[in-house]
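Given next are the chains, with one letter for each unit.
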Amino acid sequence: MMIEPRQENLVDGATGPWEIILGLEVHAQVTSQSKLFSGASTEFGGEPNAHVSLVDAAMPGMLPVINAECVAQAVRTGLGLNAEINLYSVFDRKNYFYPDLPQGYQISQYKYPIVGEGVVTVDLMKEGYSIEVGIERLHLEQDAGKSLHDQHPDYSFVDLNRSGVALMEIVSRPDMRSAEEAKAYVTKLRTILRYLGTCDGNMEQGSLRADVNVSVRKPGAPLGTRCEIKNVNSIRFIGQAIDYEARRQIGILEDGGKIDQETRLFDPKSGQTRSMRSKEEAHDYRYFPDPDLLPLELAQKDVDALAKALPELPDVKKTRFVEAFGLSVYDAGVLVSDRASADFYEKVAKGRDAKLAANWVTGEFFGALNRLGKDIEDSPVSADALGELIDLISKDVISGRIAKDVFEIMLETGEAPGKIVEERGLKQVTDTGAIEAVVDEIIAANPKQVEQLKTKPKTIGWFVGQVMKSTGGKANPAAVNEILRKKLEIGEE
Amino acid sequence: MSELTGLTLAEARDRLKKKEITAHELTEAHITALEAANTALNAYIVPTPDKALDMAKASDERLGKGKGLPLDGLPLGIKDLYCTEGVRSTACSGILGDFQPVYESTVTQNLWAAGAVMLGKTNMDEFAMGSSNETSAYGSCVNPWRAAGSDKPLVPGGSSGGSASAVAARIALAATASDTGGSIRQPAAFTGTVGLKPTYGRCSRRGMIAFASSLDQAGPITRTVQDAAIMLRHMASYDPKDSTSANRKVPDYEKALSEKVKGLKIGVPKEYRIDGMSAEIDELWERGIGWYKDAGAEIIEISLPHTKYALPAYYIVAPAEASSNLARYDGVRYGARVNGKDIIDMYEETRSHGFGAEVKRRLLIGTYVLSAGYYDAYYIKAQKVRTLIQRDFNEAFGKVDAILTPATPSAAFGVGEKGGDPIEMYLNDIFTVTVNMAGLPGISVPAGRSGDGLPLGLQIIGKAFDEETVLKAGQVIEDAAGRYEAPEAWWLSETAPAKKAKVTSKTKAKTS
Amino acid sequence: MKVDEATVRHVARLARIKVTPEQAKALEGELSAILDWVEQLGEVDTANVEPMTRVEEMALPKREDKVTEGSIAGQIVKNAPLTEDNFFLVPKVVE
């Protein structure tokens, strides 16, 4: 299926525009207590080799036994990717030697993966369009251990804690055409995984890593040779790596050279990709079905049960927010990007002005969380408290302006908004009589500005400001406006 | 002394229960016999006399209180393939160095839980790859049997040569062994003992140093069929830590032996009558057929058309799986390490030094047949042939209850005699390997003697998880051929050790 | 099937086994002989035959997601040739 190139995604080279073709293989660590084929803990960190069983250390005679929950997590993820669940799949050994691979093979899936083709819708918020990224497959495999190469001049230190942790390898079709699209894809994937609870998506801890396949071509030409940039562990780095690599390849081709198909690493310090040294000849992994295991066969009814129990996924939730709450697609998109945020919002919006709630959640509230460096899970203000604040605004007890101040106090003290308003006397003044009195005062005291009004009608803003100042911000702005206009005999704008 | 070591497992068990003998006496007798024989035979590579006496003591305590466990006090040899906690376990390979597992294999754990006593680790072909116990890093093992009028050392068969030799020479009441292509049944036939390979999945493989995962199976070598039944009862178990372990109740195999075989249908496969088969073996087979008829069984000729392809298919599948199973022996986490200038060099030096020639050969074959471009033509092809072999048996078992064949194409041959051509050595497994390829149970029972007076065995193959029939049918052979005889203990009278063709790992590195 | 010395070296490298030139030469002959011998499988018609995927008819057993193993770092490294602070040490790997 041809994807029409978007002009804005083409890169200008000396010889004309180039198209970047991107495919991603994302490795997502499965959320589970124990490893894929052993009962050791998957907890991050830990003393060296403390989360290692005899099986993980590949002791002679040790055998793999599969973790039922890891299988379920893979199926849930496949369903979340709108993908086909393969009821029959096989675990194969991928054979190669590396110190962090104790068996000398990785148990993976080659010919018959547990999940087949699917699709993910990715919204490019800023750019204002959406794409569909095809999923080729998802398979389960073991993660490898970790080698530290900087502890000693002559030796590498090997820790097998991570060895055997379940990974889902999610392979996309080469459907992305820009660094932004790739970043948005990984972001969306991460959101889906976190919604499902199948992976925590923590890229800093390595729960989510991407291998980025990059090639370039002139639009309409056949696919170019691709290079694989391995183990990129942040969204930002994905963008940087793609930018560098695309330009590197374009540079080579424009000089008349050709691209060597190779595996590369991204170096965040230099912002460049470089070739990996040790991957000599093309690997011959000699895949064959693991004879210590049997084929995995799933019952359709079990898959159906998992499907039924899935939480509402972001795309569906977004559509529902737009329809039920009248939100803009943009606002709905921001709110559903994180399940906890979406749940928080719904709680706030229930029985209230949904748009007002959306403005407050995406504006002041998210702003505050950002500023304080807090996750929504550790929010100093609860959904109920924020809802209460919004009620006060809706009932005209306080103005929007005052509400912001009240919110700040809520963040600091954790007190309920109603209480804060009471104690500090922040109630909005709506008594027209009182406002009129102030208005009269201001008008009387400022004859020059009254004169100015005749030529500059917008000076009314100054008057509004003065009245608000005089009332300590508590006057209802709409009432102030109305009374001022009447008294100053200015029509509606 | 020699009287105690000449008992069968069942007899010893009986006498212990009746308190006619103590576990200590029985173990002591075996330790003494072992010490007298082992220099000549090299059946044990790690004798564990202290441990054995400790275990015997504990057995005596229990037996004294009348709380004896099923195998209390019975001294056993344990093939070095089994990981035994705190006792060196190396599958007779130099690459495992001085590896002392911190864990016990499931099969041996079962035996210790039943009160059995460990005499030590027995010799074997390195990583179970061999049919003569000549590839061991700890030197060859010698068959306690000699040809009439000859003192030429003979092989005990392999890979479980040490176990077979020990049981035959009466320096173990019974022994654990393992069978991937015939490694229990062939040495049993060569040493006049009973060797039982159960159905694939009957015994747990956990803690057994893996050779070929889809073929390896634990089993006993004993002197009688009854003893084999007793041993299997305790070796077998469902193990949730082995994904290929069968979740089936373990029957009382000993009890099943009391049932008779009248009306049993015994299949005789025509394809096992191979070209150039020795007249001796053919006669033995005919005699066997006669015994079944006498016992009231019905003899039915059957066809297993893909028989001759089992061996070449085996020599693709087994090395392929081994090439992957042995990748973990890299000097990083255990075993012997040879330092190198970088990691790849370290791997290569460690593995070249640590593995013997036969193992290397098989690893290279295995790597080759799995490699890009060859996988379909070799590995997939062999696995398809395996399906056909299994189908042959399934069809045959629609007509018969058990199948009777010779166990080996010849009697035991001389140490060093078949060194040159690997394929010649592989042909030793020609009658046994079909059984592993189909995952079925098989037993070898002593059935007669060669012209030179050397033991010969006959094999019974049964349906999956029908070890009861296999044992019952095996009993027929034993009843007719006579119970085991011990070979003459020539090692006791010879002042100098018999000339052994000792092949060490150093010399192996030089030979190709 | 004849394998040449280059193939022997390639396969030996894949298997991380060092072979001297003499060994490679000898292996050439031995491996070729073995591969020739297994060629006879070509006589078997396997057109509509599935390769064996399991020896016994049973389903892949699964286990519950619980932490039941680990916390034995000392035992894990006990048999290792070279360790430090419960890490395995190997000659430095350059990526």
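Residues numbered from 1 in each chain as written. Chains lettered and ligands numbered in written order. Predicted model: local features only at pLDDT ≥ 70, side-chain atom pairs only at ≥ 80, totals over all residues. Heavy atoms only, no water.

1. Structural notes on the overall build of chain B
Here comes step 1: Looking only at helices and strands, chain B has 19 helices and 11 strands in total.
Here comes step 2: The C-alpha radius of gyration computed for chain B amounts to 21 Å, which stays within 12% of the reference 24 Å derived for 512 residues, consistent with globular compactness.
Here comes step 3: Once the C-alpha set of chain B is aligned to its principal axes, its extents read approximately 65 × 50 × 50 Å.
Here comes step 4: Within chain B, the proportion of its 512 residues that are buried is 69%. (Helix = DSSP H or I, 4+ residues; strand = E, 2+ residues; numbered from the N terminus. Rg over C-alpha atoms; globule rule 2.2 N^0.38 Å. Buried < 20%, exposed > 50% of the residue type's maximum accessible area, 1.4 Å probe, protein only.)

2. A few points about the sheet that holds strand E7 (residues 265-269) of chain B
All names here are of chain B.
Here comes step 1: Strand order in the open sheet formed by 11 strands is E1-E3-E2-E4-E6-E5-E10-E11-E9-E7-E8, with mixed pairing between adjacent strands. The sheet terminates laterally at strand E1 (44-47) and strand E8 (298-302), the two strands that pair on one side only. The mean inter-strand angle of the sheet, taken between neighbouring strand axes irrespective of direction, is 30°.
Here comes step 2: Relative to strand E11 (residues 455-462), strand E10 (residues 442-449) runs antiparallel, the two sharing 7 bridges. Across the sheet, residue glycine 448 finds its bridge partner in E11, namely leucine 456. (Pairing = 2+ DSSP bridges. Axes fitted to C-alpha atoms, helices over the stretch in contact; angles between N-to-C directions.)

3. Describing the interface of chain B and chain C
Here comes step 1: Each side of the interface is counted separately: chain B has 69 residues, and chain C has 50 residues.
Here comes step 2: Taken together, the two surfaces of chain B and chain C that pack against each other cover about 5300 Å², and 67% of this comes from carbon and sulfur.
Here comes step 3: The largest per-residue losses of area from chain B upon contact with chain C belong to Glu348(B), Leu364(B) and Tyr368(B), which jointly make up 12% of the total buried on that side.
Here comes step 4: In this assembly, chain B and chain C are joined by 5 salt bridges.
Here comes step 5: Inspection of the chain B/chain C interface yields 19 residue pairs in polar contact (both at pLDDT 80 or more).
Here comes step 6: Contributing elements (two or more residues each) for the side of chain B that touches chain C: helix H11 (307-325), helix H12 (343-354), helix H13 (357-370), helix H14 (376-396), helix H15 (422-426) and helix H16 (433-438) of chain B. (Contact = heavy atoms within 4.5 Å. Buried area = accessible area lost by both parts, 1.4 Å probe. Salt bridge = Lys/Arg side-chain N within 4 Å of Asp/Glu carboxyl O. Polar contact = N/O pair within 3.5 Å; in protein donor to acceptor, adjacent residues only side chain to side chain.)

4. Concerning the domain arrangement of chain A
Residues and elements named next belong to chain A.
Here comes step 1: Per the domain assignment, the segments making up chain A are domain 1 (7-306), domain 2 (312-423) and domain 3 (432-488).
Here comes step 2: On the side of domain 2, 14 residues touch domain 1, which itself brings 10 residues to the contact.
Here comes step 3: One can count 3 salt bridges joining domain 1 with domain 2.
Here comes step 4: Here aspartate 338 and arginine 194 are joined by a salt bridge, their closest N and O atoms 3.4 Å apart.
Here comes step 5: Contributing elements (two or more residues each) for the side of domain 1 that touches domain 2: strand E7 (118-124) and helix H2 (179-196).
Here comes step 6: The biggest single contributor to the side of domain 1 that touches domain 2 is H2, with 6 residues.
Here comes step 7: Across the side of domain 1 that touches domain 2, the residue classes break down as 4 nonpolar, 3 polar and 3 charged. (Domains from an automatic or database assignment. Nonpolar A, V, L, I, M, F, W, Y, C, P; charged D, E, K, R; others polar.)

5. Here we look at the packing of aromatic side chains
Here comes step 1: According to the stated counting rule, one finds 32 aromatic pairs over all chains in the structure shown.
Here comes step 2: Geometrically, the ring pair formed by Phe97(A) and Tyr347(B) is tilted, given 5.6 Å between the ring centres and 50° between the ring planes. Taken together, the positions of Phe97(A) in the loop between strand E5 (92-95) and strand E6 (105-108) and Tyr347(B) in helix H12 put the pair across two chains. Accessibility classification places Phe97(A) together with Tyr347(B) in one group, the buried group.
Here comes step 3: An aromatic cluster of three or more residues is present, and its members are Phe99(B), Phe127(B), Tyr329(B), Tyr334(B) and Phe355(B).
Here comes step 4: If you follow Lys418(B) out to its NZ or CZ, it ends over the ring of Phe413(B), 4.6 Å from the centre. (Phe/Tyr/Trp six-rings, centres within 6.5 Å; stacked < 30°, edge-to-face > 60°. Lys NZ or Arg CZ within 6 Å of the ring centre and 35° of its normal.)

6. As for the pairing of strand E13 (residues 227-232) of chain A
Residues and elements named next belong to chain A.
Here comes step 1: The pairing of strand E12 (residues 208-217) with E13 spans 4 bridges and is classified as antiparallel. Directly across from valine 212, in E13, lies its bridge partner isoleucine 229.
Here comes step 2: As defined by bridge partners, E13 adjoins strand E14 (residues 263-267) across 3 bridges and the pair is classed as parallel. Paired with isoleucine 229 across the strands is arginine 264, a residue of E14.

7. A few points about the packing of helix H5 (residues 106-113) of chain B against helix H8 (residues 225-235) of chain B
How two helices pack is summed up by the angle between their axes together with the distance between the axes.
Residue and element names in this part refer to chain B.
Here comes step 1: Contact geometry of H5 with H8 gives a least axis separation of 8 Å together with a crossing angle of 110°. Looking at the two axes, H5 sits roughly perpendicular to H8. Only Met231, His234 and Met235 of H8 make contact with H5, whose side of the interface consists of Val107, Asn110 and Leu111.
Here comes step 2: Residue composition of the contact of H5 with H8, by class: 4 nonpolar, 2 polar and no charged. (Parallel < 35°, antiparallel > 145°, perpendicular 65-115°, else oblique.)

8. A closer look at the environment of Ile229(A)
Residue and element names in this part refer to chain A.
Here comes step 1: Examined against the element boundaries, isoleucine 229 turns out to sit in strand E13.
Here comes step 2: Expressed as a C-alpha distance, the spacing of isoleucine 229 and threonine 31, which sit 198 residues apart in the sequence, is 25 Å.
Here comes step 3: Excluding residues that lie within four positions of it along the chain, isoleucine 229 makes contacts with Ala210, Asp211, Val212, Val214, Ala241, Glu245, Arg264, Leu265, Phe266 and Thr273.

9. Brief notes about the pattern of salt bridges
Here comes step 1: Applying the stated criterion across every chain yields a total of 60 salt bridges over all chains.
Here comes step 2: Measuring nitrogen to oxygen at the nearest pair gives 3.3 Å for the salt bridge that ties Lys121(B) to Asp80(B). On the criterion of sequence distance, the pair formed by Lys121(B) in strand E3 (residues 117-122) and Asp80(B) in the loop between strand E2 (75-79) and H5 is long-range, its members being 41 residues apart.
Here comes step 3: Three or more residues joined by partner-sharing salt bridges are found here, namely Glu312(A), Lys317(A), Arg320(A), Asp343(A) and Glu346(A).

10. Things to note about the interface of chain B and chain A
Here comes step 1: At the interface, 38 residues of chain B touch 30 residues of chain A.
Here comes step 2: Approximately 2700 Å² of surface area, both sides summed, lies buried where chain B meets chain A, with 59% of it carried by carbon and sulfur atoms.
Here comes step 3: At the boundary of chain B with chain A, the tally comes to 1 salt bridge.
Here comes step 4: At the surface where chain B touches chain A, the tally comes to 15 residue pairs in polar contact (both at pLDDT 80 or more).
Here comes step 5: Elements represented by at least two residues in the side of chain B that touches chain A include exactly H11, H12 and H13 of chain B.

11. Things to note about the side chain of Asp429(B)
Residue and element names in this part refer to chain B.
Here comes step 1: Tracing the sequence through the fold places aspartate 429 in the loop between H15 and H16.
Here comes step 2: In this structure aspartate 429 is buried but unpaired, with arginine 362 as the nearest side chain of opposite charge at 6.2 Å.
Here comes step 3: One polar contact links aspartate 429 to serine 131, side chain to side chain, over a distance of 3.4 Å. (Lys, Arg positive; Asp, Glu negative; His and termini not counted.)

12. Let's talk about the pairing of E7(A)
All names here are of chain A.
Here comes step 1: Side-chain alternation along E7 places Gly118, Val120, Val122 and Leu124 on a buried face and Val119, Thr121 and Asp123 on a face that remains uncovered.
Here comes step 2: Note: E7 against strand E8 (residues 129-142), 7 bridges, orientation antiparallel. Paired with aspartate 123 across the bridge in E8 is serine 130.
Here comes step 3: Turn length for the E7-E8 hairpin, with the two strands adjacent in sequence and antiparallel, is 4 residues, and the turn residue glycine 128 shows positive phi of about 80°.

13. What to know about the sheet that holds strand E9 (residues 146-148) of chain A
Here comes step 1: Strand order across the open sheet formed by 4 strands is E9(A)-E10(A)-E3(C)-E2(C), with antiparallel pairing between neighbours. One side of each edge strand has no neighbouring strand; the edge strands of this open sheet are E9 of chain A together with strand E2 (83-84) of chain C.
Here comes step 2: For E9(A) and strand E10 (residues 155-159) of chain A, the ladder comprises 3 bridges, and the chain directions are antiparallel. Among the inter-strand pairings, Lys146(A) is bridged to a residue of E10(A), identified as Asp159(A).

14. Some thoughts on the environment of Asn161(A)
Residues and elements named next belong to chain A.
Here comes step 1: Here asparagine 161 lies in the loop between E10 and strand E11 (166-172).
Here comes step 2: Note on asparagine 161: relative accessible area 8%, which makes it buried.
Here comes step 3: Put simply, asparagine 161 and alanine 144 are 17 residues apart on the chain and 8.7 Å apart in space, counted from C-alpha to C-alpha.
Here comes step 4: If near-sequence neighbours (up to four positions away) are discounted, asparagine 161 is found in contact with Lys35, Gly45, Gly46, Glu47, Pro48, Asn49, Ala50, His51 and Val52.
Here comes step 5: Side-chain polar atoms of asparagine 161 contact the backbone nitrogen of alanine 50, separated by 3.0 Å.

15. Some thoughts on unusual backbone geometry
Here comes step 1: A cis amide bond links Gly158(B) with the next residue in sequence, Ser159(B), at an omega value of 10°.
Here comes step 2: Residue position: Ser159(B) is located in the loop between E3 and helix H6 (161-168).
Here comes step 3: Located in the positive-phi region is Ala58(A), a residue other than glycine, with phi close to 55°.
Here comes step 4: Note on placement: Ala58(A) falls in the loop between strand E2 (16-29) and strand E3 (66-67).
Here comes step 5: Look at Asn133(B): it is not a glycine, yet its phi comes out positive at around 60°.
Here comes step 6: Its location among the elements puts Asn133(B) in the loop between E3 and H6.

16. Overview of the side chain of Ser159(B)
Here comes step 1: In this structure Ser159(B) comes out as buried when scored by relative accessible area, which is 0%.
Here comes step 2: Beyond its immediate stretch of four places on either side in the chain, Ser159(B) contacts Lys79(B), Asn123(B), Met124(B), Asp125(B), Ala128(B), Met129(B), Gly130(B), Asn133(B), Ser178(B) and Ser183(B).

17. A closer look at the packing of helix H1 (residues 68-80) of chain A against helix H4 (residues 300-308) of chain A
Residue and element names in this part refer to chain A.
Here comes step 1: Where H1 meets H4, the axes come as close as 10 Å, and the angle between the chain directions of the two elements is 65°. The hand of the H1/H4 crossing is right-handed. Here H1 contributes Ala72, Val75, Arg76 and Leu79 to the contact with H4, which in turn contributes Val303, Leu306 and Ala307. (Left-handed = near helix turned anticlockwise from the far one by under 90°.)

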